[in-house]
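Next come the chains, spelled out residue by residue.
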Amino acid sequence: MPADLNDYFNKKNSNSNSNSNRNFNFKAPDLNFKGFSKLSPWLTIVFIIIVLLAVAKPFAIVNSGEMGIKVTTGEFSSEPLRPGLHFFIPILQKIIVVDTKVRQMTYASVEGVNESSLQRGSGVINKSSISVLDSRGLSVSIDVTVQYSLNENVVPQTIATWNVNWEDKIIDPTVRDVVRSVVGKYTAEELPANRNAIAQQINEDIGRTIAALPNHPVTLNSVQLREIVLPTGVKQQIELVQIAKQEAERAAQEAIKKATLAEGEANATIISSRGRADAARIEADAQAYANKEIAQSLNNPLLNLRQIETQKAFNDALKVNNDAKIFLTPGGAVPNIWVDTKDTKRQSAINSN
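Keep in mind it's a predicted model, so treat the numbers as computed, not measured. Per chain, the residues get numbers from 1 upward, laid out in the order the sequence is written. Thresholds applied to this predicted model are a pLDDT of at least 70 for local features of residues and 80 or more for the giving and counting of side-chain atom pairs; totals over whole chains, interfaces and linings are not thresholded and use all residues. Here the side-chain values reflect all heavy atoms present in the structure, with hydrogen atoms and water set aside.

Visitor: Looking at this model, I keep getting lost on the sheet that holds strand β3 (residues 75–76). Mind explaining?
Guide: Backbone-to-backbone hydrogen bonds join strands into a sheet, with any given pair of strands oriented parallel or antiparallel. The strand order across the open sheet built from three strands is β3-β2-β5, with neighbouring strands paired in antiparallel fashion. The sheet is open, and its two borders are formed by β3 and β5 (93–99), each paired with just one other strand. What makes two strands pair is DSSP finding at least two bridges between them. A run of DSSP states H or I qualifies as a helix once it reaches four residues; a run of E qualifies as a strand once it reaches two. Both are numbered from the N-terminal end. Direction of pairing for strand β2 (residues 66–72) relative to β3: antiparallel, over a ladder of two bridges. Directly across from valine 71, in β3, lies its bridge partner phenylalanine 76. The contact criterion used is simple: two residues touch if any of their non-hydrogen atoms lie within 4.5 Å. Angular values range over 0 to 180 degrees, each being the angle between N-to-C directions of two axes fitted as lines to C-alpha atoms, with helices fitted over their stretch in contact. Along the sheet face, helix α3 (residues 155–162) touches β2, β3 and β5 and points at about 65° away from the line of β2.

Visitor: I'm lost on the environment of isoleucine 238 in this one. Help?
Guide: As for its placement among the helices and strands, isoleucine 238 is situated in helix α6 (residues 232–297). Partly exposed describes any residue whose relative accessible area lies between the buried limit of under 20% and the exposed limit of over 50%, with all areas from a 1.4 Å probe on protein chains only and scaled to the type maximum. The buried category is assigned to isoleucine 238, whose relative accessible area is 12%. Those residues in contact with isoleucine 238 that sit more than four places away from it in its chain are Ala188, Glu189, Pro192 and Leu230.

Visitor: Explanation requested: the nonpolar core in the structure shown.
Guide: One broad trend across soluble globular proteins is that nonpolar side chains are buried collectively. By convention a nonpolar core is built from buried Ala, Val, Leu, Ile, Met, Phe, Trp, Tyr and Cys residues, the set being connected through side-chain atoms within 4.5 Å. Core analysis: the biggest nonpolar cluster contains 40 residues, and Ile142, Ile171 and Val179 have the highest contact counts within it. Top element by residues in this core is helix α4 (residues 166–183). It accounts for eight residues. Sequence-distant contacts of valine 179, that is, excluding residues within four places in its chain, are made with Ile130, Val132, Ile142, Val144, Gly184 and Ile202.

Visitor: Looking at this structure, I do not really get the packing of α4 against helix α5 (residues 195–211). What am I missing?
Guide: The description of two helices packed together rests on the angle between their axes and the distance between the axes. Closest axis-to-axis distance for the α4/α5 pair is 9 Å, and the angle between their directions is 140°. Between α4 and α5, the angle falls in the class oblique. You can see that α4 and α5 cross each other, and the crossing is right-handed. On α5, the residues that touch Ile170, Ile171, Thr174, Val175, Val178, Val179, Val182 and Val183 of α4 are Ile198, Gln201, Ile202, Asp205, Ile206, Thr209 and Ile210. Residue polarity follows a fixed list, in which Ala, Val, Leu, Ile, Met, Phe, Trp, Tyr, Cys and Pro are nonpolar, Asp, Glu, Lys and Arg are charged, and the others, Gly among them, are polar. Tallied by class, the residues present in the contact of α4 with α5 amount to 11 nonpolar, three polar and one charged. Orientation labels follow simple angle bins: below 35 degrees gives roughly parallel, above 145 gives roughly antiparallel, 65 to 115 gives roughly perpendicular, and whatever is left gives oblique. Two helices cross in a left-handed way if the nearer one is turned anticlockwise from the farther one by less than a right angle. They cross in a right-handed way if the turn is clockwise.

If you want it as structure tokens, here you go:
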């Protein structure tokens, strides 16, 4: 490149740099860090404390329906922690939160339900059916549901004695032992007919066993006998017996119905006969009473009056009918007979008599 061109570009670049310095003359502010330097140790300490709190979490929140237990170097505090925010010293202390709401343990013959299907977070524990031998050694399965809750006042003592898996040490073995003891007294065929008695006995025995524990750690709410699962052969036999029993009951009811109908018809006949007899007796009594009243009403003056009335009626009849041959005439208790003398044959017959 020629020298004159180099001089030209050098001058142009120098001019452009000078113009840019004139247009953008910026001066950086003078920051004073003297005050900040005084606070920085405290800010560092606060920051470290926040980090420690976030990492160590030396507090616990106890929700409603729960109780907290403060443990200091392995020793349980006797006073339970009520719902709220509670602090503890990390490493030396810790807080165990225990659910005190109503919980449920269900023994059911459902596919997929086994000893490991535990939903402790929801307060529901599912276990397989309780296998029991009846009085003859046949195996039957019992489905039971138990509802219970921890005694809030002695939660620390309960956890200290039974540990956090207290349900597997208190509820589960008690239910299994009682169910096997009660059901084992019956044969498999007797179980359905005695279901109510068995359910009541299981409820009473489990409640009595739980109540006898020291410090009353658990409150038993209810025990429900859900189902008795019998062996297939026993179930079929019971069904046959029930069918035969139903047929016998139906025949007995039909016989009772016929006997009741026949008895009703017989009673109706008896009642009808008695009614007719009573009616005849009442009619006869009425007639006798009427005759008695009529007889008592007939006295001499009345009889004379009736004779006079009768005589007058005959006399009036003779005035109209001149051919009358025989008629009655009053005179004493027995009416007299008057014969017309114009009838010679009748008169001669009377005279001959």
